[in-house]
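Coordinates in review
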Amino acid sequence: MPATKIKVLLKTIQVHDDSDLAGSGEWMFKATVRRVATSESLKLGDPTVEHETNTGATLALNWELELDILPTDTRIEIKVEATDKDPAIDDKVGWVRAVLNVPLLHDYDLALRSSTGHYTASIGVQITAQSDPAAGAVTTIVQHSESSTYNTIHDGMLSRMVHICPVIPVPWATGIPPIAKGVQALTASPQEDLSINSTKTDLNALPNPSLIPVIKPTDPDFAKRCARIRITQFRPADLDLSKLIWKAIGTNIKLWDGAKSTTEITGGREVMAYGVLDGADEEGTIEVRWNGDGKPLLATYRAWVGKPKVVPTRANIIKTTVPLALNPTITAAQIKAQIHYNNVILWQSGILMELDADATLYNAAVLLDTGIFEITRATNDTFNVVRDNAIIAPLLNSRKGVFNVAYLHTCAGSPFLNGAATDRRISPAEGTVTLAGAPSTSWVQPTGVFPDDDAGTITMKRMGPSTARDVAQKPLCGDGEIGSICGCIMTQQGAANAESLTLAHELGHVLGLHHRGSGGGQATTSFDSVNHLSGPNKGKGHPWDENLMTYGPNSRRQDLDLIQTQVARKHPLLKDVAAPAPPPPPPPPPPEAKPVPAAWLPTQEDITLLQEYLGGTRPGLTHTGYDLGTSGPKGDGVDGINGSKTKAAIRQFQTDHGNLDKDGIYGPATRAAFDEELNPK
């Protein structure tokens, strides 16, 4: 039943970072409850009280405000702002905001992290008076202003929720803040681990990608390439999935039901989707609704729609004859397997590495397989080589406009290095890109039930080109285009791991993607400015160990989000997928057999047919135009009579076929020669 009166509570503040270099902080809080429609603002608590704060402490405020829900109310905003009092200049330490749709149908128990990451505010909303429910009332809630998943509550349908999380991670069994009381006691479905291993070889092994590819159901690999959009968790665990309605919004996405294209599919935890688009990438949306009164919205999935792109790739195995130096042992077959595994990751962005079909050899390279070469040098460019911007290996047998991968043994001083992007010559300049819209452009850990809010804008720093190489190295550069080289190195350690994502990670750098987060538990901020383990952006964006562009050891770091896909797909290294060669024309139909007169010419009709062939009025014979006289209705000797002229023509035909008796009789042997000339095998 809709609320007519509510109590808003600011219960606790959990301090993550007191912002002071030494000693405790002194914080003050301004809390307000605002009616969005009229902008009337009510004070919650006392903003003049100073609170001593220390990192890790929890402040018990227990501020309360009771208010009526008015007929003019459409939304109720709860906002908390914190200030750290300093002798000189007060510091802002962030704010939290929750916007609740009216009608309010249930209580809320929220844990909201501040905009700067300094604290988490625990906020409660309790219904203290209710009216009879309005028919068809709907409350839509989103987990966070940057979330990928919407949840909707429709009258008594508080128990029905679904999550669609981009690839990984899924909602964790721990760490999810409290959810609305109406669903707190219900059991959710098992949370799916959507990460892949080397046994999963289909390109679409990862569901919920950031790009839905433009392909056709007639593609022989359609089932392995189309986007799979999958619900990763639902509540309750016995939710009747047959009542879900999947719908493609707009004209650039189609769903596939296994037999035909459609815009709507009823039932199921997963759908197959493909793009319908001629031009540049566009945004597309898929909704999931409940097949009930009003068909309320349960989840929204947002992705790019675009044509597949390929990155021409050259793989060079670098060896040396220098004594005591070790050479890489990777084989051409292992390289192809590694490229395919990394392509499964890259396919989230509609990108594939494709081995270079140009077999031009440079630097005494030897071709092992399409796009895979071996180079043996009298100098040591493979074992414990110095890793700097003068490293030689990526230059050897390289080509302009190609992703050049040099497999070597080891780099000096880096025993655990898997690989490194060494050359990004044609990357756009360093800068930032932004992307807004809902659902979010960048993943935020699901929280259960956050109020609907306006979508945030994600800003990401793009990686620029690498330092120019010394022109003295130009003779070592394969095609000599040293100013346009794009490439990386792969070490023995990185190449030996069947599930190594290093190749896709280094290609990500070449395509303009910075590191996101840090590995090994280090509290280092992301270089792309989206996700941080500490500081003002702590906890935003993809968790560092889940994104492809982390440099941690976690093999689950497989995800590429919307803004990364937007940047990578604009890089000039990418090429359109070549149109398939047209099918060969069908073979011509077999020639229709020419009629052959019967042996011994038993009828006038047979004689007429023979005369027409011999005289050339019925084409077919190579030997033709024999003189049949001037009898017959047309004066050409075709009269249906086996007379002297006809026999003379037969005798001439027999003469032209030297192995026949020249008797003027159209017998079996003559008929066979006649048939062979008319219908050659």
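Everything that follows concerns the structure shown earlier in this document.
The following refers to the structure shown. Remember, predicted model here, so these are calculated numbers, not experimental data. Per chain, residues are indexed from 1 in the order of the written sequence. The predicted origin of the model limits local features to residues at a pLDDT of at least 70 and limits the giving and counting of side-chain atom pairs to 80 or more, whereas totals for whole chains, interfaces and linings rest on all residues. Excluded from the side-chain calculations are hydrogens and water; all other atoms, namely the structure's heavy atoms, are used.

In contact at an axis separation of 11 Å, helix 7 (residues 604-615) and helix 8 (residues 644-656) are set at 55 degrees when each is read in the N-to-C sense. Between helix 7 and helix 8, the angle is such that the two are oblique. For the pair helix 7 and helix 8, the crossing hand works out as left-handed. Of the residues in helix 8, those in contact with L610, Q611 and L614 of helix 7 are T646, A649, I650 and F653. Here the residues of the contact of helix 7 with helix 8 sort into five nonpolar, two polar and no charged. Axis angles are defined between N-to-C directions and span 0 to 180 degrees, where every axis is a line fitted to C-alpha atoms and, for a helix, only to the segment in contact. Put simply, DSSP marks the helices as runs of H or I at least four residues long and the strands as runs of E at least two long, and each gets a number from the N terminus on. Just so you know how the angles are binned, under 35 degrees is roughly parallel, over 145 roughly antiparallel, 65 to 115 roughly perpendicular, and the rest oblique. Two helices crossing with the near one rotated counterclockwise from the far one by less than a right angle form a left-handed crossing, whereas a clockwise rotation gives a right-handed crossing. Note on contacts: a residue pair qualifies if any of its non-hydrogen atoms lie within 4.5 Å across the two residues. Any residue outside Ala, Val, Leu, Ile, Met, Phe, Trp, Tyr, Cys, Pro, Asp, Glu, Lys and Arg is labelled polar, Gly included; the first ten of those are nonpolar and the last four are charged.

Another aspect to go through is the sheet that holds strand 18 (residues 261-262). Here four strands make up an open sheet; going across it, the order is 14-20-17-18 and the pairing antiparallel. Each edge of the open sheet is held by one strand with a lone partner, namely strand 14 (227-230) and strand 18. Between any two strands, at least two bridges found by DSSP are needed for them to pair. Relative to strand 20 (residues 270-275), strand 14 is paired through four bridges, and the arrangement is antiparallel. Counterpart to I229 in the pairing with strand 20 is V271.

Turning our eyes to something else, we now look at helix 9 (residues 668-678). Accessibility here uses a 1.4 Å probe with only protein chains present; expressed as a share of the type maximum, an area under 20% marks a residue as buried, one over 50% as exposed, and anything in between as partly exposed. Within helix 9, burial applies to T670, A673, F674, E677 and L678. One side of helix 9 carries all its buried residues, which in axial view fall inside an arc of 135 degrees. Exposed residues pointing more than 90 degrees away from the buried face of helix 9 are listed as P668 and E676. Taken together, the buried residues of helix 9 touch helix 7 and helix 8. This arc is taken over the directions from the axis of the helix to the C-beta atoms.

Within the element layout of this structure, Q473 appears in the loop between strand 30 (458-462) and strand 31 (486-490). Overall, the relative accessible area of 9% leaves Q473 in the buried class. Dropping the residues within four chain positions of it, Q473 is found in contact with N389, A390, I391, I392, L395 and I482.

A few words now on the layout of surface pockets. Detection works on a 1 Å grid of protein atoms alone, calling trapped sets that fit a 1.4 Å probe cavities and calling open sets with protein on both sides within 12 Å along at least five of seven lines pockets, with lining residues defined by an atom within 4 Å of a point. Grid points are joined across faces, edges and corners, and a volume is the space filled by probe spheres set on the points. Roughly 720 Å³ of internal volume is contained in the second largest pocket. Considering the residues around the second largest pocket, the lining is formed by 25 residues, among which V214, I215, D219, V577 and P580 are closest to the centre. Tallying contributions element by element places strand 24 (residues 351-355) first for the lining of the second largest pocket, with four residues. Taken together, the residues of the lining of the second largest pocket break down into 15 nonpolar, two polar and eight charged.

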